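# Results of the structural survey
Here is what each chain is made of, one letter per residue.
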Amino acid sequence: MSEHKNSVLIRSIKDGWSGTYEVEMLKFLQKEYGDLDNHCQMTVLFLSLAVRSGHVCLSLRQSPAEWAAQLDLDIDSDSLPAEPVDRHLLLSSPICSESSGESPLRLIGDLIYLQRYYKYEKSVSLKIARLVTTEPFLIPANRAMKVLNELYPDGDMQGGEPDYQRLATQLAGIKPFLVISGGPGTGKTTTLARTLNFLLQISPVRLRIALAAPTGKAADRMSEAIRGELEGSEADPEILKQIPERAVTLHRLLYAAGRESLLPSAEPSTIPYDLIVIDESSMMDLTLLWRLFRACHPKCRFIFLGDRDQLSPVEAGDLFSEICRNSDNRFSPELGKLLGLSFSVPVKLTGPNQVLNDSIVVLERNYRYGNRSGIGKLSRAIRRGDGSEAAELLKKQPVSDLEHLEFGHSEKDYLFLYREVARRVESSSTCAPARLMKVWSESIILAALRNGPHGTVALNYWIEEKLFRERVIRPVGGWYNGRPIIITRNNYSLGLFNGDLGVCMKGEDGKYRVCFPSSGEELRQFPVHRIGEFEPAYVLTVHKSQGSEYDSVTLMLPPDHVPLLNRKLIYTAVTRSKNRFRLLGDLEIFSKAVERASPRYSAFRDLLLPAIATNGSDQEFQDQIPDRECSKRDGYSDSDHI
């Protein structure tokens, strides 16, 4: 690297694309390891920025200028080196190593990691490898088939196609690790409810089950959905008692481990469950999954549910998508024979890919969007990355559930948006509480950005200020009847979670309370002073909408293409809608966003497949996630397979 590039770290602070965290990290490393040359400083800087952007590692085949482009940094590429960092110079520094140790950086082939994230990724891959290579559990075949036929009376075919919901339930009986991926309306909740019923009926011992999700809102939705499925079933009430009434966040599940005294245990604690079910698993980042595996009992079983096409986690890693990357229900003939499937099994894959695929079920059949549904067609085009077809579907007029309006971000355009909101606010003044909740839960306006002039923070502020200036609202202490809000920080004492939507209502006593939906008919009501941290919710980001569903969704695009606009964000916005989707913005920007895949740097798949080939054994990492041999479920018959 030439000398004129040496000031890049200082300029990175000035230009705002790195911050205090990177500066302090470099200070610490130089205090511990001595002065670092420009190669090392540049690498540390970009690795830190990469992790903050959701990546786990970087490739040394690319130059810092290419790293900046991949990380969508707003910086002149000419100010960065155009040649890759020299690996030999990196390895000559004490902060980098190719072998096991405690050096801050770890070089694996052409990939450079922060050591901690390499350990996380390697440990998780080994744990999953041990789970998927475990011999199938031996279960009572006759009893299992009887229960299975009661839950799925039509057999393993449905409408001339394989019933993958039934197959997922069968796999849960013999596999310690099961992944179920499917979009909204594909029946994930129905499958899970039946699967839990199936497992509890065939188990000779009482199962300790935990239901969890990455966020409080997702955990609440999981609880409501499972309860709704089971209430209408003919399941044995004694069986249903073993299913937890409420799901919890993963953080709360992990926090509960070992909290029997005032101080946490010095040794890693074990979560005492036989089966852990995680919903919205696409939101689960690498660190969180590592912590979960490390805290679980060695014989604990896992079911992960999610949508591989939805937004990636906010933090580093995109494990759910990586696990499901090449999965398309191509199961091994041996598995088909073991399960007694009547339909033919697609062409067998080879080696570790097949072993992994035998633990993954992709639900493709959609029960919400029919063949003629515009939203269904649009979501499929987005998944394929076909921007032209997606834009063409929105051009066709009229389509009952799709609409496109040009939106140039002029004053006239924003007034159009404002009037829609104002009408809802005005109508809410005379609504009964239950109806008022529906006013704001039936439809939603989404934006791609949170910050900036076209972000939700500025839009919500502008809308609320204009409502006040035009006397549509008469706030008292900032509160008024019909004010929609979104919780921005978990409040466990009230049972309110980041992402929960509420509406302010004025009671008969003249006091304002914020109401939130509950699983029953009654609303949960809290005095406004107890709510904690929140924001107005006239317009939400797509990220905040994840895990929710609305009858009608409006997506407002920014006036120019921005890096955050990508296929997963557009897909997530479209599939929040059950009945109607409307796009405000330029179709060319929309089309480019659909075509932009925005992959994350990771070697997880490259670590996982070799780990499967060795049954998850690795001398260096044998103690990273403690495990013992996971054999057949205790108490099951040794004589029969299902």
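In short, a report on the structure.

Let's shift gears to the overall build of the protein. Scanning the protein for helices and strands turns up 25 helices and 22 strands. Counting over 642 residues, the protein shows a buried share of 54%. Looking at the protein alone, contacts between residues at least 24 apart form 74% of all its contacts between residues at least 6 apart. Put simply, the protein shows about 28600 Å² of open surface, and 49% of that area lies on carbon and sulfur atoms.

Restricting attention to buried positions, one finds in helix H24 (residues 587-595) the residues Leu587, Ile589, Phe590, Ser591, Ala593 and Val594. Contact partners of the buried residues in H24: helix H17 (374-384), helix H18 (387-395), strand E13 (402-405), helix H23 (567-574) and strand E22 (577-584).

Okay, the side chain of serine 327 next. Of note, serine 327 is situated in the loop between helix H14 (319-323) and helix H15 (333-339). Exposure remark for serine 327: the relative accessible area of 3% places this residue in the buried category. Polar contacts involving the side chain of serine 327 include one to the side chain of asparagine 357, which spans 3.2 Å. Setting aside residues no more than four positions away along its own chain, serine 327 makes contact with Arg308, Asn357, Ile360 and Val362.

In this section: the sheet that holds E22. Ordered by their spatial adjacency, five strands build an open sheet running E13-E22-E21-E14-E20, and the pairing between neighbours is parallel. Each having just a single partner strand, E13 and strand E20 (539-541) make up the two edges of the open sheet. Adjacent strand axes in the sheet meet at a mean angle of 30 degrees when their direction is disregarded. The pairing of strand E21 (residues 550-556) with E22 spans six bridges and is classified as parallel. What sits directly across from threonine 554, in E22, is arginine 582. Along the sheet face, H23 touches strand E14 (443-447), E21 and E22 and points at about 130 degrees away from the line of E22.

Attention shifts here to the packing of aromatic side chains. According to the stated counting rule, one finds 15 aromatic pairs in the structure shown. Ring plane angle 20 degrees and centroid distance 6.5 Å describe the contact between phenylalanine 293 and phenylalanine 304, whose orientation is recorded as stacked. With phenylalanine 293 in helix H13 (residues 286-295) and phenylalanine 304 in strand E11 (residues 301-306), this pair connects stretches of sequence that are eleven residues apart. Ring pairs connect the aromatic residues Phe177, Phe293, Phe302 and Phe304, which therefore count as one cluster. Sitting above the plane of the tyrosine 418 ring, lysine 466 keeps its charged end 5.4 Å from the centroid. The ring of tryptophan 479 carries the charged tip of arginine 483 above its face, separated from the ring centre by 4.8 Å.

On to the sheet that holds strand E3 (residues 105-108), then. Spatial ordering of the open sheet is given by E1-E4-E3-E2, a layout of four strands whose pairing is mixed. Every other strand in the sheet has two partners, leaving strand E1 (57-59) and strand E2 (96-97) as the edge strands with one partner each. Sheet topology places E2 next to E3; two bridges connect them, and they run parallel. In the sheet register, serine 97 faces E3, and the bridge partner there is arginine 106. Across the sheet, helix H3 (residues 38-52) lies against E1, E3 and strand E4 (111-114), angled at about 75 degrees from E4, the strand it touches most. Contacts between helix H6 (residues 115-132) and the sheet are confined to E3 and E4, with E4 contributing the most and set at about 100 degrees to the helix.

Turning next to the environment of aspartate 309. You can see aspartate 309 is positioned in the loop between E11 and H14. With 258 residues separating them along the chain, aspartate 309 and arginine 567 place their C-alpha atoms 8.5 Å apart. When sequence neighbours within four positions are dropped, the list of residues in contact with aspartate 309 reads Arg383, Lys568 and Tyr571. In this structure the side chain of aspartate 309 is engaged in a polar contact, spanning 3.1 Å, whose partner is the side chain of arginine 383.

The rules behind each value
Residues numbered from 1 in each chain as written. Predicted model: local features only at pLDDT ≥ 70, side-chain atom pairs only at ≥ 80, totals over all residues. Heavy atoms only, no water. Helix = DSSP H or I, 4+ residues; strand = E, 2+ residues; numbered from the N terminus. Buried < 20%, exposed > 50% of the residue type's maximum accessible area, 1.4 Å probe, protein only. Contact = heavy atoms within 4.5 Å. Areas by Shrake-Rupley, 256 points an atom, 1.4 Å probe, with all protein chains shown as cover. Polar contact = N/O pair within 3.5 Å; in protein donor to acceptor, adjacent residues only side chain to side chain. Pairing = 2+ DSSP bridges. Axes fitted to C-alpha atoms, helices over the stretch in contact; angles between N-to-C directions. Phe/Tyr/Trp six-rings, centres within 6.5 Å; stacked < 30°, edge-to-face > 60°. Lys NZ or Arg CZ within 6 Å of the ring centre and 35° of its normal.

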